[in-house]
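For reference, the chains in residue letters:
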Amino acid sequence: MANQLCIVIDFGGQYNQLIARRVRECGVYCEIKSYTTPIEEIKSLNPMGIIFTGGPNSVYEESSPHISKEIFELGIPILGICYGCQVVAYTLGGEVSGCEKSEYGKIEISQIGGLLFEGVPEKSIVWMSHTDFVSKLPEGFKVTAKSDDCPAAAFENPDKKLYAVQFHPEVTHSEYGKNILRNFLYEVCNFSGDWKMDDFIDTTVAQLREQIGGKRVILGLSGGVDSSVAAGLLSRAVGKQLTCVFVDQGLMRKDEGNFVEQTFTRLFDMNFVRVNCKDKFITALKGVTDPEDKRKIIGTEFYNVFWDKIREQGTDGFFAQGTIYPDRIESGKGNKAGHGKTDVIKTHHNMVEMPADIQFAGTIEPLKDLFKDEVRAVGEKLGIPHELVWRQPFPGPGLGVRILGEITEDKIKVLQEADAVLRDEISKSGIESELKQFFAVLPNVRTVGVMGDHRTYDHLIAIRAVTTDDFMTADWAKIPYDILARVSNRICNEVEHVNRVVYDITSKPPGTVEWE
Ligand code: XMP
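None of these values were measured; they are calculated from a predicted model.

Rules used throughout
- Residues numbered from 1 in each chain as written.
- Predicted model: local features only at pLDDT ≥ 70, side-chain atom pairs only at ≥ 80, totals over all residues.
- Heavy atoms only, no water.
- Helix = DSSP H or I, 4+ residues; strand = E, 2+ residues; numbered from the N terminus.
- Rg over C-alpha atoms; globule rule 2.2 N^0.38 Å.
- Buried < 20%, exposed > 50% of the residue type's maximum accessible area, 1.4 Å probe, protein only.
- Contact = heavy atoms within 4.5 Å.
- Areas by Shrake-Rupley, 256 points an atom, 1.4 Å probe, with all protein chains shown as cover.
- Lys, Arg positive; Asp, Glu negative; His and termini not counted.
- Charge placed at Lys NZ, Arg CZ, Asp CG, Glu CD.
- Near = heavy atom within 4 Å.
- Polar contact = N/O pair within 3.5 Å; in protein donor to acceptor, adjacent residues only side chain to side chain.
- Nonpolar A, V, L, I, M, F, W, Y, C, P; charged D, E, K, R; others polar.
- Salt bridge = Lys/Arg side-chain N within 4 Å of Asp/Glu carboxyl O.
- Phe/Tyr/Trp six-rings, centres within 6.5 Å; stacked < 30°, edge-to-face > 60°.
- Lys NZ or Arg CZ within 6 Å of the ring centre and 35° of its normal.
- Core = buried A, V, L, I, M, F, W, Y, C linked by side-chain atoms within 4.5 Å.

Counting its secondary structure elements, the chain contains 14 helices and 19 strands. Taking 24 Å as the expected radius of gyration for a compact globule of 516 residues, we find that the chain reaches 26 Å, a close match to that expectation. Along the longest, intermediate and shortest principal axes, the C-alpha atoms of the chain span 85 × 60 × 40 Å. When each of the 516 residues of the chain is scored for burial, the buried share is 55%. Residue pairs at least 24 apart in sequence account for 74% of intrachain contacts in the chain once pairs closer than 6 positions are excluded. A total of about 23,400 Å² of accessible surface is found on the chain, and carbon and sulfur atoms cover 48% of it. Computed over 58 positive and 74 negative side-chain charges, the inter-centroid distance for the chain is 3 Å.

In structure tokens, the structure reads:
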């Protein structure tokens with residue numbers, strides 16, 4: 001049976017995916033739709049609640065996103081957030097004006113009742129970010145919260161089940177934000193909370209069995225979180241009908257290829273095909289030093305090796321991919337009407353291009369409706385090891401973008417060993433969960449050192465570690481000196497051909513996370 005549905009109407013704000021994630025964290029399934037989605041389509045989806053997101057515009061601008069008044073006549077509860085709150089007021093005949101002073105950041109509000117604020121103290125901190133405010137409420141509405149500079153920080157028309165908040169309940173800076181969303185979902189919309197990962201696994205496994213029947217399924221497994229969890233789900237559904245193709249180009253971290261192979265051959269029922277093609281890659285990369293050329297060569301070689309193996313395996317069944325919900329939103333395919341005003345942001349690496357000569361019976365994307373944290377929850381329930389489920393991002397070209405200049409087998413070995421020491425020390429230090437990504441880089445620089453009585457002239461290793469929310473910007477991580485000292489000592493002592501270690505203290509921007 002389909003889950004009860006909440007629809008998030010996207011007006012172009014930066015927190016849209018966050019709103020949807022928070023709704024799902026409350027146990028309610030939700031999907032993001034553009035503000036241009038026809039009302040008939042929204043009606044046909046039979047949502048039990050609708051949330052309008054924020055957005056960067058001003059409701060009075062002609063080109064700003066608007067929505068037909070009809071949506072308010074469907075009898076479906078609506079919660080407008082930030083710009084969405086102004087849309088509620090403006091569309092129903094209220095007034096929106098420019099603030100004398102924009103409100104930005106943590107602001108104290110006082111609430112004066114209403115279903116949304118049940119269990120919320122009279123005064124609390126919320127996250128505001130607006131330059132317009134609702135200066136006159138539409139008929140039938142009353143104010144339920146205000147701040148010093150915003151007389152209508154929240155308002156409602158409970159008879160029509162219409163609610164609006166000028167602040168952002170979805171961000172963690174809003175102390176009681178989650179209570180407010182929960183109140184909307186459970187007290188106003190009456191959701192039962194039927195979105196649970198256990199149910200998701202059972203339902204998806206049943207659907208996959210029905211769809212696949214007796215056919216075969218091929219999945220490209222990279223060892224990343226998404227393809228690993230997709231492999232786990234498909235294995236549970238169809239066992240040996242699943243073949244995973246794992247291309248090991250020799251540019252993974254130390255022992256990673258073996259770990260992936262052992263995990264999936266020992267813990268899961270499936271056919272596992274590993275293609276070891278390190279030599280092919282190293283030959284193709286011989287003498288190449290330009291970063292873009294290196295990336296292109298690695299990409300092209302991977303494409304050729306992978307699809308050749310797929311042709312060899314046969315294409316009579318289904319092709320599976322680890323596409324997740326944000327991949328579809330970001331590529332514009334999750335949302336027929338486009339994502340807010342932006343259509344296609346990027347083509348995502350999880351959605352692979354298929355060569356023209358290859359045709360499968362169909363494509364299967366078992367994780368296509370899940371956010372990353374949900375994918376991880378499913379992975380844990382399927383028994384996929386913690387290291388894989390919580391694996392940090394790893395670039396497609398692997399260590400190829402962490403060895404500057406020409407890539408050789410010797411340099412790969414040096415970098416793998418140094419990186420393994422770093423990983424070991426960080427995992428022992430207890431700070432691993434604070435770092436979003438950490439790794440070693442081989443900058444292809446040799447420096448003079450001294451070992452015993454001898455002069456050395458050997459490699460320098462750089463350590464990169466960052467904290468970030470979304471990888472668009474990042475801070476260099478303030479790893480305690482004693483941990484850095486242990487890492488440096490061990491790398492110089494244990495890794496042959498390294499005599500110096502430096503720490504990268506550059507944030508993004510101006511640096512990027514990777515060095516190439
Ligand atoms: P940058 O270096 O752009 O990295 O600041 C941001 C995040 O993206 C990862 N990254 C990649 N991921 N293919 C990928 O799948 C790539 O070519 C690639 N380049 C960078 C990087 O590891 C970081 O998490």
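What follows picks up the thread again.
Surveying the vicinity of the ligand reveals 12 residues, the closest of which are Arg-295, Gln-437, Lys-508, Val-513 and Glu-514. Arg-295 is positioned such that a nitrogen or oxygen atom in its side chain is 2.5 Å from an oxygen atom of the ligand. Separating an oxygen atom of the ligand from a backbone N or O atom of Val-513 is a distance of 2.8 Å. With the chains in place, 74% of the 490 Å² that the ligand exposes on its own is no longer accessible. A per-class count over the shell around the ligand returns five nonpolar, four polar and three charged.

Going through the model one piece at a time under the given rule, you end up with 36 salt bridges. Two residues, Glu-261 and Arg-274, come together in a salt bridge whose shortest N-O distance is 2.7 Å. Of this pair, Glu-261 sits in helix 7 (residues 256-266) while Arg-274 sits in strand 12 (residues 271-276), and the two are 13 residues apart along the sequence. The class of Glu-261 is partly exposed, set by a relative accessible area of 28%. Linking Lys-368 and Asp-369 is a salt bridge whose minimum nitrogen-to-oxygen distance equals 3.6 Å. Three or more residues are tied together by salt bridges with common partners; here these are Asp-424, Glu-425, Lys-428, Arg-486, Arg-490 and Glu-494.

Mapped onto the elements, Arg-402 comes out in the loop between helix 12 (386-389) and helix 13 (409-429). Given a relative accessible area of 2%, Arg-402 falls into the buried group. Side-chain polar atoms of Arg-402 contact the side chain of Glu-514, separated by 2.8 Å. If we skip the residues at most four places from it in the chain, Arg-402 touches Pro-393, Phe-394, Pro-395, Leu-415, Gln-437, Phe-439, Ala-440, Val-441, Leu-442 and Glu-514.

Another aspect to go through is the side chain of Glu-103. Mapped onto the elements, Glu-103 comes out in strand 5 (residues 95-111). No salt bridge forms around the buried Glu-103; measuring N to O, its nearest opposite-charge neighbour Lys-101 is 7.5 Å away.

Turning to the packing of aromatic side chains, a few remarks are in order. Aromatic rings considered in pairs are described by the distance between their centres and by the relative angle of their planes. Overall, the coordinates contain 19 aromatic pairs when judged by the stated rule. An angle of 10° between the planes, with centres 5.9 Å apart, marks the rings of Phe-302 and Phe-306 as stacked. Here the residue Phe-302 and the residue Phe-306 both occupy positions in helix 9 (residues 291-313), the gap between them amounting to four residues, near one helical turn. Accessibility expressed as a relative area gives 35% for Phe-302, which makes it partly exposed. With 5.0 Å between their ring centres and 75° between their planes, Phe-306 and Trp-307 make a pair best called edge-to-face. Within the aromatic cluster, the residues linked to one another by ring pairs are Phe-302, Tyr-303, Phe-306, Trp-307, Phe-319 and Phe-360. A cation sits over an aromatic face here: Arg-253 above Phe-394, 4.7 Å from the ring centre.

So, about the nonpolar core. The nonpolar side chains of a soluble globular protein tend to be buried, and buried together. Ranked by internal contacts, the top residues of the largest apolar core, which has 67 residues, are Ile-9, Phe-52, Ile-71, Phe-155, Phe-264 and Val-378. Examining the composition of this core, we find that eight residues originate from one element, helix 6 (residues 225-238), more than from any other. If sequence neighbours within four positions are ignored, Phe-155 has contacts with Cys-85, Val-88, Ala-89, Val-134, Leu-137, Phe-141, Lys-142, Val-143, Thr-144, Leu-162, Tyr-163 and Ala-164. Of all hydrophobic cores here, the second largest spans 47 residues; its members include Ile-298, Ile-426, Ile-479 and Ile-483.

Another point: unusual backbone geometry. Looking along the chain, the bond that leaves Lys-508 and enters Pro-509 is cis, with omega of -15°. Here Pro-509 lies in the segment after strand 19 (498-503). Backbone torsion omega between Pro-509 and Pro-510 reads 5°, so that peptide bond is classified as cis. The backbone phi angle of Asn-444 is positive, close to 65°, even though this residue is not glycine. Structurally, the position occupied by Asn-444 is in the loop between strand 15 (437-441) and strand 16 (446-451). Notably, Phe-471 is not glycine yet its phi reads approximately 70°, a positive angle. Mapping Phe-471 onto the fold places it in the loop between strand 17 (454-467) and strand 18 (475-476).

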